[in-house]
Amino acid sequence: MVRLYECGSGELLKSAEIAGFYRSCGAFHPDGIHLLVSGRMTVMVLELPTLKVVATYEVLKTDDGSSTALVISKDGTKFLVPECRNMNSDKSKAFGWDCSDPLKATELFIKSDYGARMFSCAISDDSSKAVIGGHAPSILISMVDGATLKHIGNGAFFAGFVPNSTDIIFAESSRLMRYDSEGGQIMSYSGHSAAINDACLLNNHVITGSNDGSLRLFDLETGKCLYAFFNHRSESFNAVAVNSTGDMVLGANSNGMLYILVPYSD
């Protein structure tokens, strides 16, 4: 099921049944008229606001695996999907595609030498590189051919780039770690008591969601935890996102709730 909401009011605008699965991910294409959604082995292109499926791409190559993430580059030219294989975990792959035209996407490369299950990925601001996190040490790769450029840090369930920087952030268990592009550790962000599942960056802050049932706001430069959000009904926060204008934070919880928070300064 895909649901489209109005951020300001929380009003449900549209819902549609699709061939998704429990780890389906969605990403808005920068063209403003398409939404990409991952199925277990596919990526579907949905038209906005109707949520009609207008294209489907067979991305994964074997039913032993399932997709674990989906990211689109800022310029809308590429998307990246990593997989987690069940029986042959060391053969898990990542798939890079050209989606300059979402209705005529084509495969760019298959990354097959990571050697472990993959769970997260991100594409750099200039679309030239990507980071992948999983059970093995995280890697920096080329978005041209998938070649490994650098091994950085440890295994991670979240991987991302710091905006307007070449620095990289990984969630290594209950801590976020910040590295430079050469693999040098710059800073850690501590405060969670359980594994971090997702994070997003907002101006000079990073927001995290964890299995401890909290969202936390950290100062990106000092590492200080500035705010923590708890709710008596909240369980694991599995996904965190910021809207395009940066004035609303969304946290998806395993209790089936979507929490909407509005950042403000004292």
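The structure this text deals with has already been given above.
Keep in mind the model is a prediction, meaning the values are calculated, not measured.

Some points on the nonpolar core
- Of all hydrophobic cores here, the largest spans 17 residues; its most connected members are Leu 36, Val 43, Tyr 57, Val 59, Phe 79, Val 81 and Trp 97.
- Sorting the residues of this core by element identifies strand E5 (42-47), strand E6 (52-58), strand E9 (78-85) and strand E10 (94-98) as the ones contributing at least two each.
- For Val 59, the contacting residues outside a window of four places in its chain are Met 41, Thr 42, Val 43, Phe 79, Val 81, Phe 95 and Trp 97.

Notes on a nonpolar patch on the surface
- There is a patch of nonpolar side chains on the surface, built from Tyr 5, Leu 12, Leu 258 and Ile 260 and spanning about 360 Å² of accessible area.
- In this fold, Leu 258 is placed in strand E26 (residues 258-261).
- Judged by relative accessible area, which is 45%, Leu 258 ranks as partly exposed.

Side note on the sheet that holds strand E25 (residues 249-253)
- Strands sit in the order E24-E25-E26 across an open sheet of three strands; the sheet is antiparallel. Each edge of the open sheet is held by one strand with a lone partner, namely strand E24 (237-242) and E26. Pairs of neighbouring strands in the sheet enclose a mean axial angle of 20 degrees, with direction left out of account.
- Direction of pairing for E25 relative to E26: antiparallel, over a ladder of four bridges. Residue Ala 252 lies in a different strand from E26, and its bridge partner there is Leu 258.

Some words on the pattern of salt bridges
- Overall, the coordinates contain seven salt bridges when judged by the stated rule.
- A salt bridge links Lys 111 to Asp 113; the shortest N-O distance between them is 2.9 Å.
- Residue Lys 111 is classed as buried on the basis of its relative accessible area, which comes to 4%.
- Overall, the relative accessible area of 54% leaves Asp 113 in the exposed class.
- The structure contains a network of salt bridges with shared partners spanning Asp 167, Arg 178 and Glu 221.

Reading the values: the criteria
Residues numbered from 1 in each chain as written. Predicted model: local features only at pLDDT ≥ 70, side-chain atom pairs only at ≥ 80, totals over all residues. Heavy atoms only, no water. Core = buried A, V, L, I, M, F, W, Y, C linked by side-chain atoms within 4.5 Å. Buried < 20%, exposed > 50% of the residue type's maximum accessible area, 1.4 Å probe, protein only. Helix = DSSP H or I, 4+ residues; strand = E, 2+ residues; numbered from the N terminus. Contact = heavy atoms within 4.5 Å. Patch = residues over 30% accessible without salt bridge, like charges linked within 9 Å, V, L, I, M, F, W, Y side chains within 5 Å. Areas by Shrake-Rupley, 256 points an atom, 1.4 Å probe, with all protein chains shown as cover. Salt bridge = Lys/Arg side-chain N within 4 Å of Asp/Glu carboxyl O. Pairing = 2+ DSSP bridges. Axes fitted to C-alpha atoms, helices over the stretch in contact; angles between N-to-C directions.

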